[in-house]
Amino acid sequence: MNYQEAYKGTQTPQSGATEFNAQQYQIRQLLAMVNVGTLVEVVSVTNSGGLSPVGFVDVQPLVNQLDGYGNPVPHGILHNLPYLRIQGGANAVIIDPQKGDIGIAVFADRDISKVKASKSQNNPGSYRRFDMADGMYFGGSLNGTPSQYVQFNSTGINIVSPFDVSIQAPTVNVSATTASVTANTSATVTSPSIILKNAGTALKNLLNSLFATWALNHVHSNGNGGADTGIPTTTPSTGYETSVVQAE
């Protein structure tokens, strides 16, 4: 077997030169078996943004291994890693990972397979330690610029989406010093009852004023070619006014 075909390890001529070097080399080899965390790319996801329990991802580690000659040796795909969701009780922010996302995988010190299956306290599934098979995925590293986002900065909060934004709740309360709604095409409010409150009172006063102006200045035409009637000479009674401040 020539040099190019021979296997080469990580040991150097200095590794066994002294007892200290030998012990150091052995410790380094043992530490190399301890997996702590690495950058990974999502290959597949069990969920796709729908309303469902937290799912799992398959990921590809992005940092290769090296053989003794310095040649890259890619890791295999890691399967069925649970991913992080911001959730407390039945309250959650649902942002499932997507294929191509880059994130961080961390690895437990013991086999977590039985806990993953039962979602409760359990014994280790085996005696393995610090194994990549016992990984958990935390997303959001080295990714690109989002097109849909909630942004917090020094000037306030921005909610941006190129798609529909839906809010569903038994009651929605909006409290602000000023509020504005701008729609480039149309705006629709659908409700069996709309209460305008102070704005309704102002609208009522405006309608009453407009009706009074019309009532005091209107005339009737004569269909037989005669002259129009004159404007009314008496003020209408107050019974013409509306008191409605609620549109139905």
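Please refer to the structure higher up on the page.
Residues numbered from 1 in each chain as written. Predicted model: local features only at pLDDT ≥ 70, side-chain atom pairs only at ≥ 80, totals over all residues. Heavy atoms only, no water.

What follows concerns the overall build of the protein. If you tally the helices and strands in the protein, you get 3 helices and 13 strands. Expressed as a percentage of the 248 residues in the protein, the buried residues total 14%. Pairs at least 24 residues apart make up 53% of the contacts formed inside the protein by residues separated by at least 6 positions. Of the roughly 19400 Å² of accessible surface on the protein, 55% is carried by carbon and sulfur atoms. (Helix = DSSP H or I, 4+ residues; strand = E, 2+ residues; numbered from the N terminus. Buried < 20%, exposed > 50% of the residue type's maximum accessible area, 1.4 Å probe, protein only. Contact = heavy atoms within 4.5 Å. Areas by Shrake-Rupley, 256 points an atom, 1.4 Å probe, with all protein chains shown as cover.)

In this section: the layout of surface pockets. The space that makes up the largest pocket amounts to roughly 1600 Å³. Residue lining of the largest pocket: 34 residues in total, with V93, I94, I95, D96 and Q148 positioned closest to the centre. Elements supplying a minimum of two residues to the lining of the largest pocket: β7 (91-93), β9 (135-139), β10 (149-153) and β11 (156-160). By residue number, the principal contributor to the lining of the largest pocket is β9, which donates 3 residues. Split into classes, the residues belonging to the lining of the largest pocket amount to 18 nonpolar, 12 polar and 4 charged. Of the voids in this model, the second largest pocket is the one considered here, and its volume is about 670 Å³. Considering the residues around the second largest pocket, the lining is formed by V172, N173, V174, S175, A176, A179, S180, V181, T182 and A183. Taken together, the residues of the lining of the second largest pocket sort by class into 6 nonpolar, 4 polar and no charged. (1 Å grid on protein atoms, 1.4 Å probe; cavity = no way out; pocket = protein on both sides within 12 Å on 5 of 7 lines; lining within 4 Å. Points joined across faces, edges and corners; volume = space filled by probe spheres on them. Nonpolar A, V, L, I, M, F, W, Y, C, P; charged D, E, K, R; others polar.)

A few words on the nonpolar core. Core analysis: the biggest nonpolar cluster contains 11 residues, these being V40, V42, V57, V59, L78, L81, Y83, A105, F107, M132 and Y137. Of all the secondary-structure elements, those providing two or more residues to this core are β1 (37-45), β2 (56-61), β5 (78-82) and β8 (102-107). Among residues more than four places away in sequence, those in contact with V42 are V57, D58, V59, P97, Q98, K99, G100, D101 and Y137. (Core = buried A, V, L, I, M, F, W, Y, C linked by side-chain atoms within 4.5 Å.)

This part is about the pattern of salt bridges. If you walk through the whole model with that rule in mind, you get 4 salt bridges. For the salt bridge of D96 with R85, the shortest nitrogen-to-oxygen distance reads 3.2 Å. Here R85 lies in the loop between β5 and β6 (86-88) and D96 lies in the loop between β7 and β8, a separation of 11 residues in the sequence. For the pair formed by D96 and R85, the shared burial category is buried. Between R128 and D134 there is a salt bridge whose closest N-O contact spans 2.8 Å. For R128, a relative accessible area of 29% gives the class partly exposed. Exposure remark for D134: the relative accessible area of 1% places this residue in the buried category. (Salt bridge = Lys/Arg side-chain N within 4 Å of Asp/Glu carboxyl O.)

The 5 strands are arranged β5-β2-β1-β8-β9 in an open sheet whose pairing can be described as antiparallel. Bordering the open sheet on either side are β5 and β9, each of which pairs with just one other strand. Neighbour-to-neighbour, the strand axes of the sheet open up by a mean angle of 50°, direction not taken into account. Pairing geometry for β1 and β2, over 5 bridges, is antiparallel. Counterpart to E41 in the pairing with β2 is Q60. (Pairing = 2+ DSSP bridges. Axes fitted to C-alpha atoms, helices over the stretch in contact; angles between N-to-C directions.)

Quick look at the pairing of β11 now. On a regular strand, each side chain points to the face opposite its neighbour's, so the side chains alternate between the two faces of the sheet. Sheet analysis places β10 next to β11, joined by 5 bridges and oriented antiparallel. Bridging from a neighbouring strand, N153 pairs with G156 of β11. Two successive antiparallel strands, β10 and β11, enclose a turn made up of 2 residues.

Attention now moves to the environment of R128. With respect to the element layout, R128 can be found in the loop between α2 (113-118) and β9. In the structure, R128 is positioned 16 residues away from I112 in sequence and 9.9 Å away in space, judged by C-alpha atoms. Those residues within four positions of R128 in sequence are excluded, and the remaining contacts are D109, R110, D111, S113, A133 and D134. In this structure the side chain of R128 is engaged in a polar contact, spanning 2.8 Å, whose partner is the side chain of D134. (Polar contact = N/O pair within 3.5 Å; in protein donor to acceptor, adjacent residues only side chain to side chain.)

Another aspect to go through is unusual backbone geometry. Look at N80: it is not a glycine, yet its phi comes out positive at around 60°. Tracing the sequence through the fold places N80 in strand β5. Positive phi outside glycine occurs at K119, with the angle close to 55°. Mapping K119 onto the fold places it in the loop between α2 and β9.

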